Amino acid sequence: MTHTQKRIIINKIVMTLSTLSALIGIGFLFWILAILIFNGMDALSWTIFSQEGAPPGYEESGLKHALIGQLMIVGVATLFGVPLGILAGTYLSEYGQKSHLAETIRDISDIMMSAPSIVIGAFVYAIVVTPMGHFSGWAGSIALIIILLPIILRTTDDMLQLVPSTLREAAFALGAPKYKVIMQVVYRGAKAGILTGILLGVARVAGETAPLLFTSFNDNFLSTDMTDPMASLTVTMYNYATSPYEDWQKIGWAAAFILSMFILSLNIIGRLLLFKKKGR
Amino acid sequence: MSVIIDKIFSFATKYIAIAILFLVAWIFTVLFQHSLDAMEAFGFDFITETKWAPNLEKFGALPAIYGSIVSTFLAMLLAVPLAIGVAIFLSELAPAKLKSPVGVSIELLAAIPSVIYGMWGLFYFVPIVRDVFGGIGISMLTAGIVLSIMILPFMAAVTRDAMNTTPDILKESAYALGGTKWDIIKDIVIPYAKAGIIGSFILALGRAIGETMAVTFVMGNVHQISTNLTAPATSIPVTLANEFTEADTSLYYSSLFELSLILLVISFTIISIAKFYFLRNKRLAS
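Keep in mind it's a predicted model, so treat the numbers as computed, not measured.

What counts, and where the lines are drawn
Residues numbered from 1 in each chain as written. Chains lettered and ligands numbered in written order. Predicted model: local features only at pLDDT ≥ 70, side-chain atom pairs only at ≥ 80, totals over all residues. Heavy atoms only, no water. Helix = DSSP H or I, 4+ residues; strand = E, 2+ residues; numbered from the N terminus. Areas by Shrake-Rupley, 256 points an atom, 1.4 Å probe, with all protein chains shown as cover. Rg over C-alpha atoms; globule rule 2.2 N^0.38 Å. Buried < 20%, exposed > 50% of the residue type's maximum accessible area, 1.4 Å probe, protein only. Contact = heavy atoms within 4.5 Å. 1 Å grid on protein atoms, 1.4 Å probe; cavity = no way out; pocket = protein on both sides within 12 Å on 5 of 7 lines; lining within 4 Å. Points joined across faces, edges and corners; volume = space filled by probe spheres on them. Nonpolar A, V, L, I, M, F, W, Y, C, P; charged D, E, K, R; others polar. Buried area = accessible area lost by both parts, 1.4 Å probe. Salt bridge = Lys/Arg side-chain N within 4 Å of Asp/Glu carboxyl O. Expected span 1.5 Å × (residues − 1). Bend = angle between axes of the 7 residues up to and from the residue. Domains from an automatic or database assignment. Polar contact = N/O pair within 3.5 Å; in protein donor to acceptor, adjacent residues only side chain to side chain. Phe/Tyr/Trp six-rings, centres within 6.5 Å; stacked < 30°, edge-to-face > 60°. Core = buried A, V, L, I, M, F, W, Y, C linked by side-chain atoms within 4.5 Å. Patch = residues over 30% accessible without salt bridge, like charges linked within 9 Å, V, L, I, M, F, W, Y side chains within 5 Å.

### Quick look at the overall build of chain B
A tally of helices and strands in chain B yields eleven helices and two strands. Listed by position from the N terminus, the elements making up chain B come as α-α-β-β-α-α-α-α-α-α-α-α-α. With respect to the principal axes defined by its C-alpha atoms, chain B has extents near 75 × 70 × 30 Å. Approximately 12100 Å² of chain B is accessible, and the part contributed by carbon and sulfur atoms is 66%.

This is the structure:
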């Protein structure tokens, strides 16, 4: 066998292995998606949306409490986390730029984005749950805000930096003060990118379970009082899936299906927004 | 008027940004303060003691630390070769028509919350492990496998991005010399993107070690050190997820906070290593 033949054979082997691993990776994706859709569709019914939690064995058992709880916890986190994150990101891109302080904030935020979320839960337990004396929806929201902040901050920073500086200079030349330039020129130019960042960030925190386990805890009934323990889809899913009751496990799959579809849609919409922007 | 608003705006953005630094410092401080009881009671024995017995007020973190390290190691062992394969496929092999749909599916797979991976692992993977490897299926091995599947998409996507930084002109020159695809990958792409590839593996490692939900379902939370991979085990996040709401004494709480602190320090260190590897690579590229 000549050297060339050997190289060609090795090349074929590696190419096959690599294609195979791509197939395995995608195979798992389809396996998980198929299971989600199959079990989710099987468990979905009107009662899932119209009924609250019930003890195992009851027909009239649903996820209304968890859906509303999830929306409230994530909604409040978004309401506070997004504006704060955008403002902080604005500082990095428009004021701090390449300064030491700005670079340090960027580095720390990047690290926080990958830090274990369960530790954030422990922190919020110590600063919110212990002083309050009980679990609460607020505690859950605060944990999610801490996770959301660095994500929004970094995407805003990146997206604002993409706005050409000539646009800023043109606005300055017209005599606009800096805050007006930022609000009316820079934000407008980066609108699609910031929105994508928000969608992806919200999608990320909506799937968080670990930081909610001992902050918002859980509740089997509907509660809209943020100072009380609150159900979320993720924690309900965890409790129901690990329970020995088949009807609860089934509801757990319905929760998994609803949550995944929500998160995947946010991701797809976010990507389409950026794609459209690039296409222009 | 607008001068005042201008000042307020720059002031507000600056201090919100600085608040992030304080927040991180605050997290470390609070975890440290709440760990003090356990630190006083056990000292360094906390991380070398193998016994975790809440009823005897005896807390040793070694089984949890051991479980975190072994399950993450297993996950890396399985995920790294697959991730390299997927990344090579996406950056060098796939025809243009496939590149984008396959790439996007992998990225979407990375967006699926880890609790779903855990649930899937519990209902579909535990029986497979039980039938193939024996034991009850709830085990270190299952946790390692589920964890590897969970980090694979993230790892593959970042590795692909690193490989994609190789300038086409370098690859084309090598092709012009008669190189095969594998020659180009091993002699051009991998050497060029080495720092980025290693950085992405370390970043995935940092994420895997702190991952809670994907492993909580399938690990069993049993505080023992066993060389038998099919035996139930525990890890730091699994212990926290299972026991935080059950802790009934201040020493128990304090021990759990010390576990959180250890986990945060470990992942902060690993992620920083990856991050500064990345940064160096980025600066080289630009």
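This is not the end of the story, as more comes after the structure.
### Quick word on the overall build of chain A
Counting its secondary structure elements, chain A contains twelve helices and zero strands. Starting at the N terminus and ending at the C terminus, chain A contains elements arranged as α-α-α-α-α-α-α-α-α-α-α-α. On C-alpha atoms alone, chain A measures out to a radius of gyration of 23 Å, which is more than a quarter above the 19 Å that the 2.2 N^0.38 rule sets for 280 residues. The dimensions of chain A, computed from C-alpha atoms along their principal axes, are 75 × 70 × 35 Å. When the 280 residues of chain A are sorted by exposure, 55% land in the buried category. Nonlocal contacts in chain A, meaning residues at least 24 apart in sequence, comprise 74% of its contacts between residues at least 6 apart.

### Things to note about empty space enclosed by the protein
All names here are of chain A. Enumeration over the complete set of coordinates arrives at three cavities of 30 Å³ or more. Taken as a whole, the largest cavity spans an internal volume of roughly 60 Å³. The wall of the largest cavity is formed by Met112, Met113, Ala115, Ser117, Ile120, Ile146, Ile147 and Arg204. For the lining of the largest cavity, the secondary-structure elements that each account for two or more residues are α4 (100–114), α5 (117–132) and α6 (137–162). Looking at the lining of the largest cavity residue by residue, the class counts come to six nonpolar, one polar and one charged.

### Some thoughts on the interface of chain B and chain A
Opposite the 78 residues of chain B that make contact, chain A presents 79 residues. Each partner contributes to the roughly 7000 Å² buried at the junction of chain B and chain A, and carbon and sulfur atoms together form 82% of this total. Linking chain B to chain A there are four salt bridges. The closest approach of N and O atoms between Glu107(B) and Arg271(A), which form a salt bridge, is 2.4 Å.

### Details of the layout of surface pockets
In this approach the atoms are scanned with a rolling probe the size of a water molecule, which exposes any empty space left behind. Residues and elements named next belong to chain A. If you add up the space inside the second largest pocket, you get close to 220 Å³. Lining the second largest pocket are 13 residues, and of these Ala43, Glu59, Ser61, Lys250 and Ile251 sit closest to its centre. Taken together, the elements giving at least two residues each to the lining of the second largest pocket come down to α1 (3–43), α2 (46–50) and α12 (246–279). Here the lining of the second largest pocket gets three residues from one element, more than from any other, and that element is α12. Grouping the constituent residues of the lining of the second largest pocket by class yields five nonpolar, four polar and four charged.

### Focus: helix α3 (residues 62–93) of chain B
For α3(B), which comprises 32 residues, the first-to-last C-alpha distance of 44 Å matches the rise-based estimate of 46 Å (1.5 Å per residue) to within 8%. The principal kink in α3(B), of about 30 degrees, is found at Ala79(B), preceding the proline Pro81(B) by one to four residues.

### Considerations on the environment of Ser272(B)
Residue and element names in this part refer to chain B. One can find Ser272 in helix α11 (residues 250–285). For Ser272, a relative accessible area of 17% translates into the label buried. For the pair Ser272 and Ser91, spaced 181 residues apart in sequence, the C-alpha to C-alpha distance is 26 Å.

### Notes on the pattern of salt bridges
What the rule picks out here adds up to 18 salt bridges over all chains. Among the salt bridges present, the one from Asp168(B) reaches Lys171(B), with a minimum N-O distance of 3.8 Å. Pair noted here: Asp168(B) and Lys171(B) are both in helix α7 (residues 168–176), with a separation of three residues, about one helical turn. Through salt bridges with shared partners, a single network forms among Glu103(A), Arg106(A), Asp107(A), Asp110(A), Arg154(A), Asp157(A), Asp158(A) and Lys275(B).

### Some words on the domain arrangement of chain A
All names here are of chain A. By domain assignment, chain A separates into domain 1 (3–43) and domain 2 (50–279). One C-alpha centre belongs to domain 1, the other to domain 2; they are set 32 Å apart. Domain 1 puts nine residues into the contact, and the matching count from domain 2 is eight residues. Summed over both sides, the interface of domain 1 with domain 2 buries roughly 690 Å², with 85% coming from carbon and sulfur. Counting the contacts that link domain 1 with domain 2 gives zero salt bridges. Joining domain 1 to domain 2, the criterion identifies zero residue pairs in polar contact (both at pLDDT 80 or more). Classifying every residue of the side of domain 1 that touches domain 2 by side-chain character gives six nonpolar, two polar and one charged.

### Brief notes about helix α11 (residues 233–241) of chain A
Buried residues dominate α11(A), accounting for eight of its nine residues. Those residues of α11(A) that sit buried are Leu233(A), Thr234(A), Val235(A), Thr236(A), Met237(A), Tyr238(A), Tyr240(A) and Ala241(A).

### A short note on the packing of aromatic side chains
By the definition in use, this model includes 28 aromatic pairs over all chains. Judged by centre distance (6.1 Å) and plane angle (70 degrees), the ring pair of Trp253(A) and Tyr124(B) falls under edge-to-face. You can see Trp253(A) sitting in helix α12 and its partner Tyr124(B) sitting in helix α5 (residues 114–133), one on each of two chains. Its relative accessible area of 7% is what places Trp253(A) among the buried residues. What makes Tyr124(B) partly exposed here is its relative accessible area of 26%. An angle of 75 degrees between the planes, with centres 5.0 Å apart, marks the rings of Trp52(B) and Phe59(B) as edge-to-face. For the pair Trp52(B) and Phe59(B), one class covers both residues: buried.

### Points about the nonpolar core
Of all hydrophobic cores here, the largest spans 194 residues; its most connected members are Leu63(A), Ile27(B), Tyr117(B), Met155(B), Phe217(B) and Leu259(B). Per-element accounting of this core gives the leading share, 16 residues, to helix α6 (residues 140–163) of chain B. When we break this core down by domain, the ones giving at least three residues each are domain 1 (3–43) and domain 2 (50–279) of chain A. Contacts of Leu259(B), omitting those with residues within four sequence positions, involve Phe46(B), Trp52(B), Ala61(B), Ala64(B), Ile236(B), Thr239(B) and Leu240(B).

### Quick word on a nonpolar patch on the surface
All names here are of chain A. Taken together, the side chains of Met1, Ile9, Ile13, Leu17, Leu20, Leu23 and Ile24 make up a nonpolar region of the molecular surface, amounting to roughly 720 Å² of accessible area. Looking at the element boundaries, Ile9 is found in helix α1. On the basis of relative accessible area, Ile9 is assigned to the partly exposed category, the value being 43%.

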